[in-house]
Amino acid sequence: MEQAPGGRSEARGSVPTCYRHPDRETGVRCTRCERPICPECMVDASVGFQCPDCVRAGSGTGHAPQASRPRTIAGGSVAADPRLITKLLIGINLAAFLVQLSLGDRFTNRFELIGQAYIPLLGGIEGVADGQYYRLLTAMFLHGGYIHILFNMLSLWWIGGPLEAALGRARYLALYFVSGLAGSALTYLVAAPNQPSLGASGAIFGLFGATAVLMRRLNYDMRPVIALLVVNLIITFGWASIAWQAHIGGLVAGVIVGYAMVHAPRERRALVQYGTCALVLAVIVVMTLVRTAQLA
């Protein structure tokens, strides 16, 4: 257990809850006493937010909580349902999997990631190198079986939900897609052109990386997330059927974007955060074009 300011303890590695409302998870802390505070308890100050106790004690300044819109640690808006985007992403993945089961391999072959190969079910040479760039995105929502989607969706719920609450919806969504596309781009660049790849793992590894950065920023015990990441990397390189390129690409992008999300200076936060996303996307485009030129 870690002793929180004010005498309240919280489990290391767990999502913090408001010190006045223990049933509410939050990624925001009082800038003076560092206790976790929910939107109802946030008092806008010159720098960040303060808790009602610090304000009443005369140690802080600011307006009433209702006078300013509460923000997460990354500057995002605090939502009534902090896991909405995660739920929607899980729903989209499950819906896509049901379509795969219904329509069979022809559908999967049409939208999975493949560089360039002859696909008998489609009757010709297909792939990203032939201009089917949509495969870099659509492959992120397809899965190769029940076990594959089960593990990915459980990971998305466990890792993605708390991270969405800490970053806010827009930043979380940007992180997810940039990480997933980075995983697809590295797979396209490095893997054999006829090697198919699919799954949300690239995006989920990006969430792993961003979670590690966030926990470091909040001075949480890093051992649980590091242990989980090591186990996943061992599985990644120890299982022949796993596209390690997607995992590594997503992880690297997640660390870079996650660092920008939680360490961006307050005065130019959005510029740094979304500027970093744009730079990573530019690298993704370059990798894609280079590989396309190689296969042309």
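Just so you know, the residues in each chain are numbered from 1, in the order the chain's sequence is written. Note on the predicted model: pLDDT of at least 70 is required for a residue's local features to be given, and 80 or more for side-chain atom pairs to be given and counted; whole-chain, interface and lining totals, by contrast, use all residues. Computation of side-chain values covers all heavy atoms of the structure but excludes hydrogens and water.

Fitted lines through C-alpha atoms serve as axes, helices being fitted only where they are in contact, and the angles separating the N-to-C directions of these axes extend from 0 to 180 degrees. A run of H or I in DSSP counts as a helix once it spans at least four residues, and a run of E counts as a strand once it spans at least two, with each numbered from the N terminus. Interaxial distance between helix α5 (residues 146-167) and helix α6 (residues 169-190) falls to 7 Å at its minimum, and their mutual angle equals 135°. Here α5 lies oblique to α6, going by the angle between them. When you trace α5 past α6, the crossing you get is right-handed. Taking contact as the criterion, the partners of L156, G160, L163, E164 and L167 in α5 are, on α6, R169, R171, Y172, L175 and Y176. Taken together, the residues that form the contact of α5 with α6 break down as 6 nonpolar, 1 polar and 3 charged. Here the angle decides the label: under 35 degrees means roughly parallel, over 145 means roughly antiparallel, 65 to 115 means roughly perpendicular, and every other value means oblique. By convention, the crossing between two helices is left-handed when the near helix turns anticlockwise from the far helix through less than a right angle, and right-handed when the turn is clockwise. Contact definition: two residues touch when any of their heavy atoms are within 4.5 Å. Amino acid classes used here: Ala, Val, Leu, Ile, Met, Phe, Trp, Tyr, Cys and Pro are nonpolar; Asp, Glu, Lys and Arg are charged; the rest, including Gly, are polar.

A word on the packing of α6 against helix α9 (residues 244-263). For the pair α6 and α9, the least separation of the axes is 7 Å and the interaxial angle reads 145°. Crossing handedness for the pair α6 and α9: right-handed. Together, R171, A174, L175, V178, S179, A182, G183, L186, T187 and V190 of α6 and W244, Q245, A246, I248, G249, G250, A253, G254, V257, G258 and M261 of α9 make up the contact between the two elements. When grouped by side-chain class, the residues that make up the contact of α6 with α9 number 12 nonpolar, 8 polar and 1 charged.

A few words on the layout of surface pockets. Here the largest pocket defines a volume of roughly 940 Å³. Any residue with an atom within 4 Å of a point lines the site, the site being either a cavity, points on a 1 Å grid over the protein atoms alone where a 1.4 Å probe fits but cannot get out, or a pocket, an open set with protein on both sides within 12 Å along at least 5 of 7 lines. As for the largest pocket, its lining consists of 38 residues, of which H148, N152, S201, I242 and H247 are closest to the centre. Only α5, α6, α7 (201-217), α8 (223-238) and α9 provide two or more residues apiece to the lining of the largest pocket. By residue class, the composition of the lining of the largest pocket is 21 nonpolar, 17 polar and no charged. Grid points are joined across faces, edges and corners, and a volume is the space filled by probe spheres set on the points.

As a further point, take the nonpolar core. Nine residue types can take part in a nonpolar core, namely buried Ala, Val, Leu, Ile, Met, Phe, Trp, Tyr and Cys, and a core is a set of them joined through side-chain atoms within 4.5 Å. Exposure is judged per residue with a 1.4 Å probe applied to protein chains only, and the accessible area is read against the type maximum: over 50% gives exposed, under 20% gives buried, and values in between give partly exposed. In terms of nonpolar packing, the biggest core is built from 50 residues, with L156, L163, L167, Y172, Y176 and L207 touching the most fellow members. Among the secondary structure elements, those contributing two or more residues to this core are α2 (84-103), α5, α6, α7, α8, α9 and α10 (269-295). If one sorts the elements of this core by residue count, α7 sits on top with 10 residues. Leave out the neighbours within four places in its chain, and L167 touches T72, A74, G76, Y172, L175, M261 and V262. V28, I37, F49 and C54 belong to the second-largest nonpolar core, a separate cluster that totals 12 residues.

Positionally, S179 belongs in helix α6. Classification of S179 as buried rests on a relative accessible area of 0%. By the criterion applied in these results, polar contacts are pairs of N or O atoms within 3.5 Å in which, for protein atoms, one can donate a hydrogen and the other can accept it, and in which residues neighboring in sequence qualify only through two side-chain atoms. A distance of 2.8 Å separates the side chain of S179 from the backbone oxygen of L175, its partner in a polar contact.

This part takes up unusual backbone geometry. Positioned with a positive phi, E34 is a non-glycine residue whose angle comes to about 65°. Within the secondary structure, E34 sits in the loop between β2 (9-10) and β3 (43-44). Even without glycine at this site, N219 takes up a positive phi of about 60°. Tracing the backbone through its elements, the reader meets N219 in the loop between α7 and α8.

Together, I147, L150, F151, L154, W157 and W158 make up an exposed nonpolar region whose accessible area comes to about 650 Å². Position of L154 relative to the elements: it lies in helix α5. Put simply, a patch holds well-exposed residues, over 30% relative accessible area, that have no salt bridge, with like charges counted together within 9 Å and Val, Leu, Ile, Met, Phe, Trp or Tyr side chains within 5 Å. The Shrake-Rupley method, run with a 1.4 Å probe, gives the accessible areas here. Residue values count only the displayed protein chains as cover. Salt bridges, as used here, are contacts in which a Lys or Arg side-chain nitrogen is within 4 Å of a carboxyl oxygen on Asp or Glu.

What follows is about the packing of aromatic side chains. Pairing of aromatic rings covers Phe, Tyr and Trp, the last through its six-membered ring, and needs centres within 6.5 Å; plane angles under 30 degrees mean stacked, over 60 mean edge-to-face, and all others mean tilted. Evaluated as defined, the whole model comprises 6 aromatic pairs. With a centroid separation of 6.1 Å and 50° between ring planes, the pair formed by F141 and F177 is classed as tilted. Residue F141 is located in the loop between α4 (135-138) and α5, and its partner F177 is located in helix α6; the two are separated by 36 residues in the primary sequence. Looking at F141, the relative accessible area reads 12%, which means it is buried. Of the residues examined, F177 reaches a relative accessible area of 25% and is grouped as partly exposed. Among the aromatic residues, ring-to-ring pairing joins F107, F111 and Y134 into one connected group. A cation over a ring is seen here: R35 above Y19, with NZ or CZ 4.1 Å from the ring centre. As a reminder, the over-ring test applies to NZ of lysine and CZ of arginine, requiring each to be within 6 Å of the ring centre and within 35 degrees of the ring normal. Over the face of the ring belonging to W157 we find R83, whose NZ or CZ atom lies 4.5 Å from the ring centre.

Turning our eyes to something else, we now look at the environment of T138. Turning to its location among the elements, T138 is positioned in helix α4. A C-alpha to C-alpha distance of 9.8 Å links T138 and S184, two positions 46 residues apart in sequence. Within the local environment of T138, its side chain forms a polar contact with the backbone oxygen of F111, the two atoms lying 2.7 Å apart.

The next subject is empty space enclosed by the protein. Rolled over the atoms, a probe with the dimensions of a water molecule shows which regions are left empty. Taken as a whole, this structure holds 1 cavity of 30 Å³ or more when the rule is applied. In this structure, the largest cavity occupies an estimated 40 Å³ of space. Along the walls of the largest cavity sit L113, I114, G115, T187, Y188, A191, A192, P193 and Q195, which together make up its complete lining. Residues belonging to the lining of the largest cavity are distributed by class as follows: 6 nonpolar, 3 polar and no charged.

Note that every value here comes from positions in space, so none of it alone points to a role or purpose.
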